[in-house]
Amino acid sequence: MELLPRSPAEFGSARYWDRFFRQRGQRPFEWYGAFSELCPVLHKYVRPRDKVLVVGCGNSELSEQMYDVGMCEDIINIDISDAVIRQMRERSASTRPQMSYLQMDMLQMDFPDAHFQVVLDKGTLDALLTDEEEATLAKVDRMFAEISRVLQVGGRYLCVSLAQAHVLKKAVEYFSQEGWVVRIHQVASSGDKQQFVLPVFVYVMTKFRKIPGSAAQILEICPEEQDKPMRVQSVEQLVAAVKDRQHYALLCSQISKTPCREQVSLDLCDKESGKPRYTLHVVDSPSVKPSRDNHFAIFIIPQGRETEWLFGTEEGRRQLAASAGFGRLLTVALHREQHYEGMAGIQAELSGKVMELAPPGLPARQQVPFLSVGGDIGVRAVRHCGSSPLSGEFVVEDVKGDGTCYFRRLIFLQNRNVVQSEARLLAPTPLPGQKKRRKDKKKASPTEPPGAIDKSYLCCEHHKAMVAGLCLLGGPDALPGELTVLVVGLGGGSLPLFVHDYFSQAHVAVVEIDPSMLEVATRWFGFSQGDRMQVHVSDGLDYVAKLAAEAPAQYDAVMFDVDSKDLTVGMSCPPPAFVEKPFLQKVKTILKPEGVFVLNLVCRDARLKESVLAALRDVFPLLYARRIQGEVNEILLCQPGPAGRRDPAELGARARALEGALRRPGRPWDSSYRLADMLQAVHIL
């Protein structure tokens, strides 16, 4: 039986709708949602004494149900189809005496001006606005003009719609320009996803007198889970907010029917601020055999640990899900700008939402466990927030790691999942949620860091490998003594500090382009300058070029640990200009003949990485590589001449000897840091 039109234009044809309703018979045809879903929204805007006009009523039961529950009785229904009007009169004549049905074209209505308090439209605008042709838009303008004419000031136009972008934009622009208040409600779903995957919305347009010369617009959206509307600033923002909710509904529909081949990520935002509150990753483990109790679990990542490999990478989350033994694991990361009321509070807040992301086959009323490390949500304290023209917004925060250790981190917010610099704190500092053992007699100065930095501990594995690369220096039987080292990229200063403190005869020059980073390193990470440590605030490209021209063969070691601010390039460290062949020639020029160039390379683009390696091979005859396990980082150790070539056994022996020299009595040393282990996986490219 053909019930759909041959072309969209037929949606506006009385002949089509007459044929449609004759073929369909008495069965109600409900556009977009049942009365039980729409009722909570309609109750807010329809009062019992209101005079209500339903345009394009069709044979929907909506107005009958409104009448029967006592929401409103003075209802006039109109439709362009005479056939359906006759059907509906017969259906309601004896039971709903105050409700009437009229065959009428909504584009040219016979009602007097300001006759109704409410005009209700369930799918009629969507049926009319099938395209953006000039003739169609003209019809919609006539429809809106007629609705505006028959509504009283303070009256409401309630439009139930799937909110296609062009439909929503047209309606919002028209009525907001007329000075009406526009509010969009998302209708709470009953859970039956079979008829419509996309969510249903109700546009609430409240008529106000247009004030000449006023450009003010009141645009609001009210999501299904809350009553309080959120104000937006433009039509574009409103359309985007609706689109986000449509995408979420599509996502929920897809992953409720089939397992995810790839990990799915989404943000849940705070109702008040609109900022992300939770970041969710949906991880499916096909290898896990389903049983009644292992379908689905939620894993709360402790605060401050979302950047760790296990939680912050796809492979890490995949291992976490497999070890947890659930078919689908939903990981939840907590944001630093938000406050959380412990595990119980998070569970109460998320319990309803996460079930929308449940896997197919989840048994009814299945208890879904909430998991975490140690059963708590971790500790995070933001110590400092700042911004600079070069680095953008950044934060310094203290977090509790695995066990009893606390760490201080520098995070650039443009890439908030990457720890820019990290240092271990010697002793836990008082943090929110932690009890103080005694009252502090003297408050810490706001200009001083609240805890001492453990300068003996290198948190970053790539820093450990970079320091181990200094084993390449010195003659066949000698270890590096007096050293001149150039470090490009300061960050929190952990790398140059370690070289300065443990190589007692080293003279370290640091080049940092951002003066704000020097302030952060000094105030928050225990960095300081002296006779053997100098910082030059300059562009590393310019500084090296100047040295190459004025003071060649000056450094035993040059270390690049500098990030790229351009996130569109598949290489986040270093910026591409630092590994172009002409610049690498300048780096070689400032190195001593037996020196070493140490490069921290973070490149996800395979072609770009190969071009970088080709440029390095052209300039440096000897090139070693050390991959950092579980990370994208690769440390490249480059030497100007092939004479420095050493086999793995010799490298291991030199590493053990150097470590013995650095481990002096009375000087702390991280027992897990083995220079030989760092060089064991080195290979020659």
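Residues numbered from 1 in each chain as written. Predicted model: local features only at pLDDT ≥ 70, side-chain atom pairs only at ≥ 80, totals over all residues. Heavy atoms only, no water.

Going by an unreviewed UniProt entry, the chain carries the name eEF1A lysine and N-terminal methyltransferase and comes from Sylvia atricapilla. In its Sequence similarities (unreviewed entry) section, UniProt records this for the chain: "Belongs to the methyltransferase superfamily." (UniProt positions renumbered as here; feature names shortened; annotations may be inferred.)

1. Observations concerning the packing of helix H6 (residues 134-150) against helix H7 (residues 165-177)
The description of two packed helices rests on the angle between their axes and on the distance between the axes. With their axes 11 Å apart at the nearest point, H6 and H7 run at an angle of 45 degrees to one another. In terms of axis orientation, H6 runs oblique to H7. In terms of crossing hand, the pair formed by H6 and H7 is right-handed. Seen from H6, the contacting residues are Leu137, Val140, Asp141, Phe144 and Ala145; seen from H7, they are Lys170, Ala171, Tyr174 and Phe175. Here the contact of H6 with H7 is built from residues that sort into 7 nonpolar, no polar and 2 charged. (Axes fitted to C-alpha atoms, helices over the stretch in contact; angles between N-to-C directions. Helix = DSSP H or I, 4+ residues; strand = E, 2+ residues; numbered from the N terminus. Parallel < 35°, antiparallel > 145°, perpendicular 65-115°, else oblique. Left-handed = near helix turned anticlockwise from the far one by under 90°. Contact = heavy atoms within 4.5 Å. Nonpolar A, V, L, I, M, F, W, Y, C, P; charged D, E, K, R; others polar.)

2. Observations concerning the environment of Gln186
Looking at where Gln186 falls in the secondary structure, it is placed in strand E6 (residues 181-186). In sequence terms Gln186 and Gln246 are 60 residues apart; their C-alpha atoms lie 10.0 Å from each other.

3. Thoughts on the confidence of the model for the chain
The pLDDT averaged across the chain works out to 84; a share of 87% of its residues lies at or above 70. The low-confidence segment residues 1-11 (pLDDT under 50) makes 20 contacts with residues lying over four places distant or belonging to another chain. (pLDDT = per-residue confidence, 0-100.)

4. Remarks on the pairing of strand E5 (residues 151-161)
Among the 11 residues of E5, 8 are classified as buried, and the element is accordingly described as predominantly covered. Relative to E5, strand E4 (residues 116-122) runs parallel, the two being bridged by 6 bridges. Its bridge partner lying in E5, Val119 is registered against Tyr157. (Buried < 20%, exposed > 50% of the residue type's maximum accessible area, 1.4 Å probe, protein only. Pairing = 2+ DSSP bridges.)

5. Brief notes about the sheet that holds strand E11 (residues 276-284)
Taken together, the 5 strands give an open sheet; going across it, the order is E10-E11-E13-E12-E14, and neighbouring strands pair in mixed fashion. In the strand order of this sheet, the two ends are held by strand E10 (264-269) and strand E14 (370-372), each with one partner. For this sheet, the mean angle separating the axes of adjacent strands, direction not counted, is 25 degrees. Pairing geometry for strand E12 (residues 296-300) and E14, over 3 bridges, is parallel. Looking across to E14, one finds that Phe299 is bridged to Leu371.

6. Observations regarding the nonpolar core
Val499 and Phe503 are the most contacted members of the largest nonpolar core, which has 46 residues in total. Considering each element in turn, this core owes the most residues, 5 residues, to helix H13 (residues 494-502). Apart from the residues within four sequence positions on either side, Val499 is in contact with Val467, Leu470, Val485, Ala506 and Val508. Within the second largest apolar cluster, 44 residues are counted, among which are Met106, Val119, Val182 and Met205. (Core = buried A, V, L, I, M, F, W, Y, C linked by side-chain atoms within 4.5 Å.)

7. Structural notes on the pattern of salt bridges
Applying the stated criterion to the full structure yields 32 salt bridges. With its nearest N and O atoms 2.7 Å apart, the salt bridge here joins Arg336 to Glu397. Highlighted residues: Arg336 in the loop between strand E13 (328-334) and helix H11 (342-354) and Glu397 in strand E16 (residues 392-400), separated in sequence by 61 residues. For Lys581, the salt bridge goes to Asp618, with nearest N and O atoms at 3.7 Å. You can see Lys581 sitting in helix H16 (residues 581-590) and its partner Asp618 sitting in helix H17 (residues 606-619), a full 37 residues away along the chain. Via salt bridges that share partners, Glu64, Asp68, Arg91 and Arg96 belong to a single interconnected network. (Salt bridge = Lys/Arg side-chain N within 4 Å of Asp/Glu carboxyl O.)

8. Things to note about helix H15 (residues 540-550)
Those residues of H15 that fall on the buried side of the exposure criterion are Gly540, Tyr543, Val544, Leu547 and Ala548. Around the axis of H15, the buried residues are gathered within 130 degrees of arc, so they sit on the same side. Opposite the buried face of H15, at more than 90 degrees from it, the exposed residues are Asp542, Lys546, Ala549 and Glu550. Where the residues of H15 are buried, they touch strand E19 (483-488), strand E20 (506-512), strand E21 (533-537), strand E22 (555-560) and H16. Put simply, Asp539 is the residue that caps the front of H15, since its side-chain oxygen is 2.9 Å from the backbone nitrogen of Leu541. (Arc of directions from axis to C-beta. Polar contact = N/O pair within 3.5 Å; in protein donor to acceptor, adjacent residues only side chain to side chain.)

9. Some remarks on the pairing of strand E1 (residues 52-55)
Side chains of E1 alternate between two faces, with Val52 and Val54 and Leu53 and Val55 buried alike. Bridging between E1 and E4 involves 4 bridges; their strand directions are parallel. Looking at E4, one finds that Val52 is bridged to Val118. Where E1 meets strand E2 (residues 75-79), 4 bridges bridge the pair, whose relative direction is parallel. Bridging from a neighbouring strand, Val52 pairs with Ile75 of E2. Between the parallel elements E1 and E2, the chain passes through helix H3 (residues 62-68) in a crossover that is right-handed. (Right-handed = clockwise from strand over helix to strand, strands pointing away.)

10. Comments concerning the sheet that holds E6
Read from one edge of the open sheet, 9 strands run E3-E2-E1-E4-E5-E7-E6-E8-E9, paired in mixed fashion. The outermost strands of the open sheet, each flanked by one partner alone, are strand E3 (100-103) and strand E9 (230-232). Put simply, the sheet's adjacent strands are angled 20 degrees from each other on average, direction ignored. Taken strand by strand, H7 contacts E5, E6, strand E7 (201-206) and strand E8 (219-222), and its axis lies near 15 degrees from that of E7. On the sheet, helix H8 (residues 235-257) packs against E6, E7, E8 and E9 and is oriented at approximately 15 degrees with respect to E8.

11. Description of the packing of aromatic side chains
As enumerated under the stated definition, the model contains 16 aromatic pairs in all. Aromatic pair Phe498 and Tyr502: ring centres 4.4 Å apart, planes at 20 degrees, arrangement stacked. Taken together, the residues span about one helical turn, with Phe498 and Tyr502 both in helix H13 at a distance of 4 residues. Of the residues examined, Tyr502 reaches a relative accessible area of 3% and is grouped as buried. Ring pairing ties together the aromatic residues Phe144, Tyr157, Tyr174, Phe175 and Trp180, which thus form one cluster. Sitting over the ring of Tyr457, Arg424 keeps its end group 3.9 Å from the ring centre. (Phe/Tyr/Trp six-rings, centres within 6.5 Å; stacked < 30°, edge-to-face > 60°. Lys NZ or Arg CZ within 6 Å of the ring centre and 35° of its normal.)

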